[in-house]
Amino acid sequence: MRVRRLGKVLGIIGIVLILLVVAVASYGAWTVRRSFPQTSGELDLKGLTSTVDVLRDDRGIPNIYADNPDDLFFAQGYVHAQDRFYEMDFRRHITSGRLSELLGKSGLDTDKFIRTSGWYRVAEKELPLLSAETRRNLDNYTRGVNAYLADHSGAAASLEYAVLGLQNASYTIEPWTPVDSVAWLKAMAWDLRGNMQEEIERSIESSVLGTARTAQLFPPYPYLRHRPIVEQGAVVAGTWDQSASPSGAQAAARILRTPAGAVPALLRTGSSVAAVDSLLGPSGSGIGSNSWVVSGDKTSTGKPLLANDPHLAPSMPSIWYQMGLHCRTLSAQCPYDLAGFTFSGVPGVVIGHNQSIGWGFTNLGPDVSDLYLEKVVGDTYLVGTTSKPIAQRTEVIKVAGQPDVTITVRETEHGPLVSDASDELTTVGKDAPNGPLAPPRGDGYAVALRWTALTPARTMDALTDLNLAQNWDQFRAAAAEFTVPAQNMIFASVDGTIGYQTPGRIPIRQGYDGKYPALGWDPKETWAGYIPFDALPNVKNPDDGWVVTANNASVYQDYPYFITDDWSYGARSQRITDLVKLATSGGNKITADTMRSIQFDSWNENAAFLVPRIKDAKVSGATADAVKLLSTWDFTQPADSAPAAYFNVFWKNLLLDTFGDEIPKNYLPDGGDRWFTVVRNLWDSPKDTWWDDVRTTDKVETRDDAVVRALDEAATELTGLQGADPAAWNWGKLHTLTVTNQTLGKSGIGLIERLFNRGPVTTSGGGSIVNATGWNPADGYTVTWIPSMRMVLDFADLDNSTWVHLTGASGHAYNAHYVDQLDAWQTGTTYAWPFSVAAVNAVAKDHLILKPAP
């Protein structure tokens, strides 16, 4: 009887447990799904003046149709918020220096730096400078976002808020503002800021190595091997003339000098820079983008083809959101008909096309920022013999779960004192060499940041005007407003025109060249204006019939103005150039399929140089077996390649062995094409001191010693990781990508990270390769930057264009479109990109009608 009663009790307990599990699972599923957007049916929204149609395809990509621009941009804001509001909210917390409100003390260092720099304050000043059209679009976009927030909060807006609520229950979502949209351009300007990292690195390394050896690590751009973007034209009477002949007499002055000396200072400045970079992505010589455009004279369709794949840090969700924006009837009152890649939080299309033209971007990388050493005494700083008052303001940073933190922001005429941004930075300049004319050091110098993005400008107008441009002249007029971040801008149109334009607010320096920190007390070291837009390189329908940009030098060496010396070194651009020339040689015509295949090309220029020189190295045993892999290798890096695995592990060890014994650990080689050039330049000097390992006291190593050592280390490392059979080694298994949520995906809590992150997935390609899946030798082989999207535009029929990006349309974990493009991205596949009304309707899977609320 007791056994029977016990059985009944256990049965009841089992049923209760099952019901509890079902209830918990159901609640969990409901919590996850409650933020999924409505994508069909009807919604009544206050603020609309007429109905709007939102058609989504089988990947959830929306095309929006409206009768007027007010409703069009209202709907864009609403749809962005439906799919990506948490991403938008996180972004505005970055740009306003308010991460700590969201994440607690982990965001404090970043907040201090960004508040000190004043990103959001600058965006506030930019808003009234914008055109009436741009302001109107921003206002309507903002109303659309806030219409979504009117009935979505907490977990109903995104799953992340439910998780954040466990530790930050008091957080509430604020309404969106137009400044939130404008400020995101500051984050992109920072991510694409130019050579600040190189300026810091040069100063630190020169203090340890001397200027001559440091110069070996920053070699000149190899113009003889890697052509620049523009080779034709010259500045004539202050204006660029693409028909003029370059003249050697035009060469810009390069002012070289010993470092201004902020060594300990800059080590600490670098720590704050790194905190921001951890959110927005790494910097380095191999990071960049690819774009090229080919004239219809050389294509199979008789019309231009344009390709673009910007390289950025991977994130979940992807930085891009695909979308079409269409006026139902085009008119002067409603002139928008475009599609492409957008930023959630920003109205309009960033990269893409309208009914007449298309455009693509790669980072120009001009030197638009300088660090200034400032002699500060009390509340003053020195310029010449004059002590000037330091401007000051107080900022209060709210920290979730902790007391507020108050900081004092100080500024000189050169910019904010970023040395105040953390406890470490207060010692900037303490021990820096300062030159014979410097004022007394005292307790050290402060460091100010002068950066073009901190001067209010109208870049947001550039996006509006680019979206509306119908021809080359209107495209260039839009480019003239694209002050920062300065991008290489390529162009094509349905009438057959192609072109390229260098834009940007690029300073003209006097008294120094920007490679090292400037001396703030010397009034001769200053900016004397900016390169006039009319003098910046551009070309329309170039003689070659194509333009290739991949962060390489934008113009030939004798251009009369200094843009930068810290270009990417041209490995990717030259490979694309060679492939385009091959595809169009002998009267052949390049196809859209060839353009797409070039985007996924994985040929390694560095391997093509080194392998013939190392394959006969004097090695034995397991290393000899490994080296045999290289004998028939074609230097491409598909994911399943064994020789690519061995070569890249060798390359990592060669770099760290050769340079890691002397270079400060925070500035170890990133492995990009600057380092391709460094090693190539050293190769014919087998006894150069770089080859010697200074940690060994009984031997002076040569180049051949370094090569054998790295080959041995690579064979041992791979044997430990993937087994003793070299033929079974696999590059993709080493070179994996995990797509990570920028906040909760880095929580350190496995369960939470599994909710939001996806991967790892194997990848092909590598750093400074056209398929630019970058990695850093100091950190292993995992992917740290990627082609964030790929597109090919076909101007014979825009419906034949193709596109893909890293993740998917949705920012909601477990939504069907959260990561439904990753497999295609991984394998180099792209999707059809419908543009015409007929093509969009043919693939529409969901139809949402937005109606004015009664």
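Data block above holds the structure.
Here the structure is a predicted model, which is why all the values come from computation and not from measurement.

Rules used in this analysis
Residues numbered from 1 in each chain as written. Predicted model: local features only at pLDDT ≥ 70, side-chain atom pairs only at ≥ 80, totals over all residues. Heavy atoms only, no water. Axes fitted to C-alpha atoms, helices over the stretch in contact; angles between N-to-C directions. Helix = DSSP H or I, 4+ residues; strand = E, 2+ residues; numbered from the N terminus. Parallel < 35°, antiparallel > 145°, perpendicular 65-115°, else oblique. Contact = heavy atoms within 4.5 Å. Nonpolar A, V, L, I, M, F, W, Y, C, P; charged D, E, K, R; others polar. 1 Å grid on protein atoms, 1.4 Å probe; cavity = no way out; pocket = protein on both sides within 12 Å on 5 of 7 lines; lining within 4 Å. Points joined across faces, edges and corners; volume = space filled by probe spheres on them. Pairing = 2+ DSSP bridges. Buried < 20%, exposed > 50% of the residue type's maximum accessible area, 1.4 Å probe, protein only. Lys, Arg positive; Asp, Glu negative; His and termini not counted. Salt bridge = Lys/Arg side-chain N within 4 Å of Asp/Glu carboxyl O.

Sorry, what's going on with the packing of helix α6 (residues 132-149) against helix α12 (residues 459-468) here?
Helix-helix packing is characterised by the crossing angle of the two axes and by the distance between the axes. Remark: α6 packs on α12, axes separated minimally by 9 Å, with the N-to-C direction vectors making an angle of 95°. The orientation of α6 with respect to α12, classified from their angle, is roughly perpendicular. Between α6, through Glu-133, Thr-134, Asn-137 and Leu-138, and α12, the contact on the second element is made entirely by Met-460, Asp-461, Thr-464 and Leu-468. Of the residues belonging to the contact of α6 with α12, the class tally is 3 nonpolar, 3 polar and 2 charged.

Just checking my understanding: could you explain empty space enclosed by the protein for this structure?
Any empty space left between atoms is shown by rolling a water-sized probe over those atoms. Inspection of every chain in the model, using the stated rule, returns 15 cavities of 30 Å³ or more. Taken as a whole, the second largest cavity spans an internal volume of roughly 210 Å³. Taken together, 19 residues make up the lining of the second largest cavity; nearest its centre are Met-188, Leu-192, Phe-343, Phe-361 and Gln-487. Contributing elements (two or more residues each) for the lining of the second largest cavity: α8 (178-191), β7 (305-312), β11 (357-363) and α12. For the lining of the second largest cavity, the class distribution of residues is 13 nonpolar, 6 polar and no charged.

Explanation requested: the sheet that holds strand β23 (residues 518-519) in the structure shown.
One key point about sheets: their strands pair by backbone hydrogen bonds, in either a parallel or an antiparallel sense. Taken together, the 3 strands give an open sheet; going across it, the order is β19-β12-β23, and neighbouring strands pair in mixed fashion. Because the sheet does not close on itself, it has two edges, and the strands there are β19 (446-451) and β23. In the packing of helix α9 (residues 196-209) onto the sheet, contacts are made with β12 (369-374) and β19, and the angle to β12 comes to roughly 45°.

Where do I start with the side chain of Asp-688 in this structure?
Position of Asp-688 relative to the elements: it lies in the loop between α19 (673-683) and α20 (703-722). One buried charge, Asp-688, has no salt-bridge partner; the nearest side chain with opposite charge is Arg-213, at 5.2 Å. Setting aside its immediate chain neighbours within four residues, Asp-688 contacts Gln-216 and Leu-682.

Honestly, α19 in this entry has me stumped. Any pointers?
The periodicity of an α-helix, 3.6 residues per turn, causes residues three or four places apart in sequence to face the same way. Counting buried positions along α19 yields 9 of 11 residues, so the element is predominantly enclosed. If you check which residues of α19 are buried, you get Asp-673, Arg-674, Trp-675, Phe-676, Thr-677, Val-678, Val-679, Leu-682 and Trp-683. On its buried side, α19 packs onto α9, α10 (211-217), α14 (571-583), α16 (605-614), α18 (642-659) and α20.

Looking at this model, I keep getting lost on the sheet that holds strand β13 (residues 376-377). Mind explaining?
The antiparallel open sheet is built from 3 strands, whose spatial order is β13-β14-β15. One side of each edge strand has no neighbouring strand; the edge strands of this open sheet are β13 and β15 (386-389). Summarising the sheet, strand β14 (residues 380-383) and β15 pair through 4 bridges and their orientation is antiparallel. Bridging from a neighbouring strand, Thr-380 pairs with Pro-389 of β15.

Help me understand the environment of Ala-571, please; the structure alone is not making it clear to me.
Along the chain, Ala-571 falls in helix α14. Residue classification places Ala-571 among the buried positions, given a relative accessible area of 4%. Separated by 346 residues in the primary sequence, Ala-571 and Arg-225 have C-alpha atoms spaced 9.1 Å apart. Those residues in contact with Ala-571, other than ones at most four positions away along the chain, are His-226, Glu-605, Asp-673, Phe-676 and Ser-768.

What is the right way to read the pairing of strand β6 (residues 289-294) from this model?
Looking down a regular strand, the side chains alternate between one sheet face and the other. β6 sits mainly inside the fold: 6 of its 6 residues count as buried. In β6, alternate side chains face the same way, and those of Ser-289, Ser-291 and Val-293 on one face and Asn-290, Trp-292 and Val-294 on the other are all buried. The pairing of β6 with β7 spans 6 bridges and is classified as antiparallel. Considered in β7, the bridge of Val-293 is made with Leu-306. Relative to strand β26 (residues 546-549), β6 runs antiparallel, the two sharing 4 bridges. Within β26, the position partnered with Ser-291 by the bridge is Thr-549.

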